[in-house]
Each structure stands twice: as structure tokens, then as C-alpha cells.
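# A look at the structure
The chain contents come next:
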Amino acid sequence: AGSAVENEAVVSTQSTGDLSREFGDETTPSNGLKHPTASLFHILFRTLAIVTYLFCTLFGGGFTLTFVLVVILLAADFWTVKNITGRLLVGLRWWNKVNEDGSTEWVFESRKQGTAAYHSETENKIFWVAMVASALFWLILLIKNLLGLSLGWMVVCLTGVVLNAANFYGYIKCRKDARAKVQGAVGGFIGQQLWSQAFGSQQQSQQSTQ
């Protein structure tokens, strides 16, 4: 386990022009749904997984059938959120890759500045509220089954917690990196303006003395 940790590297990449073109370059602000299909599927799979867990056994489905259906829906939700809805709804993306030397790199990306209006505030709320609510739901059920010693259902809930937590952690990292880039850009711009004003004032004073 120690060697695996040593071989693991975390990489935060800056947004590039190619990434922006893949994300899209629309700049018209909107508070509506710019990606209604992505918004639907961001909620659909996780909702179906919860509904299946709660009601499948009531309609004659046994533990095995419920387990299989819930895991399939959770896996579909994980893939959709990681590869599609995060990119479209909030302009964030993360993944990991294995290098030739066996080390693992975690890559976190955000859409470049100037294209934030490609997604709307409504989509931003849908994305984060759905992720937090889903993670909390599976965590509460995990605790409930843990206290009730329902080992089989604990495995189902643990799968939900792990998959939701993985996406949540990845996108939190993306969001923090995006904010750090914005703060760095703002700080650099302010510093440049202060330098320009100070240098310009010095030149004007020298010219007035001449």
C-alpha cells in the first residue's frame, strides 16, 4: 500500500485552447437550461438507483436483482457525471492516467476564463445539489444498515457512497483549482496595473523636470 501511494502523483493542469474548444465557446449568459438533456441524465440514473433500492423488493424483486440493478445504475451515473455532465453543466473535468513508469496522475481541468457563460447558474445548482443529495442519501442508508447489521444491503449502500464520493472529490478539486487560477489571474492583472501606473507616473515626473 505504501509503494502505491509513493507512485501516485496529483497533477492540476491549466485550461488550454483545445480544452475550451471541446467544452464549447458560447458566451451568451443565461439562467435557463442550456443543456437540458445533460441535466436530465445527471438526475436520471441516480434517481432510478434510489427508487430501485427503495421499491424493487416491494414488487417481487429479491436482493440479488435489486443489487444488480442498483449497481448498474450507479455505474451508469458515475460514468455520465464524470465524462459528460460535469463538462457540460459546470465546465469541469477530471480523470486519472497511468504513466509508463507505473505512477498514477490525477488530472483536474476547468474551462478557460471567458467561457463561463457556456453553462447557466441553474445548471450549476442542479449539478451540485444532485451530487450532494445523492451522496448523503447513500451515506445515511449505509449507517442505517450498519446499525441494523444488514451486511448485504451495506454492500449496496457502500457502492453508492464510494462512487458518489469519488465524483464529488474529483469535482471539488477541479473547482478549487479553477478558483485558484482566477485568483492568480486577478492578482497578476492588479499587479500589472499597479506597476504600469507607478512606472507611468515616474516617467511623467521625469519629463516634467526636464
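## A look at the overall build of the protein chain
Within the protein chain one finds six helices and three strands. When the helices and strands of the protein chain are read in sequence order from the N terminus, they spell out α-β-α-α-α-β-β-α-α. Here the analysis covers contacts within the protein chain between residues at least 6 apart in sequence; of these, 76% occur between residues at least 24 apart.

## Some words on the packing of helix H3 (residues 36–55) against helix H5 (residues 121–147)
Running from amino to carboxyl end, H3 crosses H5 at an angle of 15 degrees, the nearest separation of the two axes being 10 Å. Here H3 is positioned roughly parallel relative to H5, judged by the angle of their axes. Two packed elements cross with a definite hand, and for H3 against H5 that hand is left-handed. Residues Pro36, Ser39, His42, Ile43, Arg46, Ala49, Ile50, Tyr53 and Leu54 of H3 form the contact with H5, whose own contacting residues are Glu123, Ile126, Phe127, Ala130, Met131, Ser134, Phe137, Trp138, Leu141 and Asn145.

## Topic: the packing of aromatic side chains
Summed over the entire model, instances satisfying the criterion amount to nine aromatic pairs. Judged by centre distance (5.5 Å) and plane angle (80 degrees), the ring pair of Tyr53 and Trp138 falls under edge-to-face. In this pair, Tyr53 sits in helix H3 while Trp138 sits in helix H5, placing the two residues 85 residues apart along the sequence. In this structure Tyr53 comes out as buried when scored by relative accessible area, which is 11%. With 4.9 Å between their ring centres and 85 degrees between their planes, Phe63 and Trp153 make a pair best called edge-to-face.

## A look at the pairing of strand S3 (residues 104–110)
Burial analysis of S3 places six of its seven residues in the buried class, the great majority of the element. Here strand S2 (residues 92–98) pairs with S3 via seven bridges, running antiparallel. Bridge assignment links Lys97 to a residue of S3, and that residue is Glu105. Here S2 folds back onto S3, and the loop between the two strands holds five residues, one of which, Gly102, carries a positive phi near 90 degrees.

## Some remarks on a nonpolar patch on the surface
Residues Val132, Leu136, Leu139, Ile140, Ile143, Leu147 and Phe168 make up a contiguous nonpolar surface patch of roughly 640 Å² in combined accessible area. Sort the elements by how many residues they give to the nonpolar patch and H5 lands first, with six residues. In this structure, Ile140 sits in helix H5. Of the residues examined, Ile140 reaches a relative accessible area of 55% and is grouped as exposed.

## Observations regarding unusual backbone geometry
Positive phi, close to 55 degrees, is recorded for Leu149, a residue that is not glycine. Turning to its location among the elements, Leu149 is positioned in the loop between H5 and helix H6 (151–209). A relative accessible area of 66% places Leu149 in the exposed class.

## Thoughts on the pattern of salt bridges
One pass over the full model with this rule turns up one salt bridge. Close ionic contact of Arg46 with Asp77 constitutes a salt bridge, the shortest N to O distance being 3.2 Å. Taken together, the residues span a long stretch of sequence, with Arg46 in helix H3 and Asp77 in helix H4 (residues 63–90) at a distance of 31 residues. Judged by its relative accessible area of 5%, Arg46 is buried.

## Digging into the environment of Lys97
Following the sequence through the fold, Lys97 ends up in strand S2. You can call Lys97 partly exposed: its relative accessible area is 40%. When the C-alpha positions of Lys97 and Val107 are compared, they lie 7.9 Å apart, and in sequence the two are 10 residues distant. Once you skip the residues sitting within four places of it in the chain, Lys97 turns out to touch Ser103, Thr104, Glu105 and Val107.

## A short note on the side chain of Thr52
Topologically, Thr52 is positioned in helix H3. Here Leu48 takes part through its backbone oxygen, which lies 2.7 Å from a polar atom of the side chain of Thr52. If near-sequence neighbours (up to four positions away) are discounted, Thr52 is found in contact with Thr66, Leu69, Val70 and Leu73.

Rules of the game
- Residues numbered from 1 in each chain as written.
- Predicted model: local features only at pLDDT ≥ 70, side-chain atom pairs only at ≥ 80, totals over all residues.
- Heavy atoms only, no water.
- Helix = DSSP H or I, 4+ residues; strand = E, 2+ residues; numbered from the N terminus.
- Contact = heavy atoms within 4.5 Å.
- Axes fitted to C-alpha atoms, helices over the stretch in contact; angles between N-to-C directions.
- Parallel < 35°, antiparallel > 145°, perpendicular 65-115°, else oblique.
- Left-handed = near helix turned anticlockwise from the far one by under 90°.
- Phe/Tyr/Trp six-rings, centres within 6.5 Å; stacked < 30°, edge-to-face > 60°.
- Buried < 20%, exposed > 50% of the residue type's maximum accessible area, 1.4 Å probe, protein only.
- Pairing = 2+ DSSP bridges.
- Patch = residues over 30% accessible without salt bridge, like charges linked within 9 Å, V, L, I, M, F, W, Y side chains within 5 Å.
- Areas by Shrake-Rupley, 256 points an atom, 1.4 Å probe, with all protein chains shown as cover.
- Salt bridge = Lys/Arg side-chain N within 4 Å of Asp/Glu carboxyl O.
- Polar contact = N/O pair within 3.5 Å; in protein donor to acceptor, adjacent residues only side chain to side chain.

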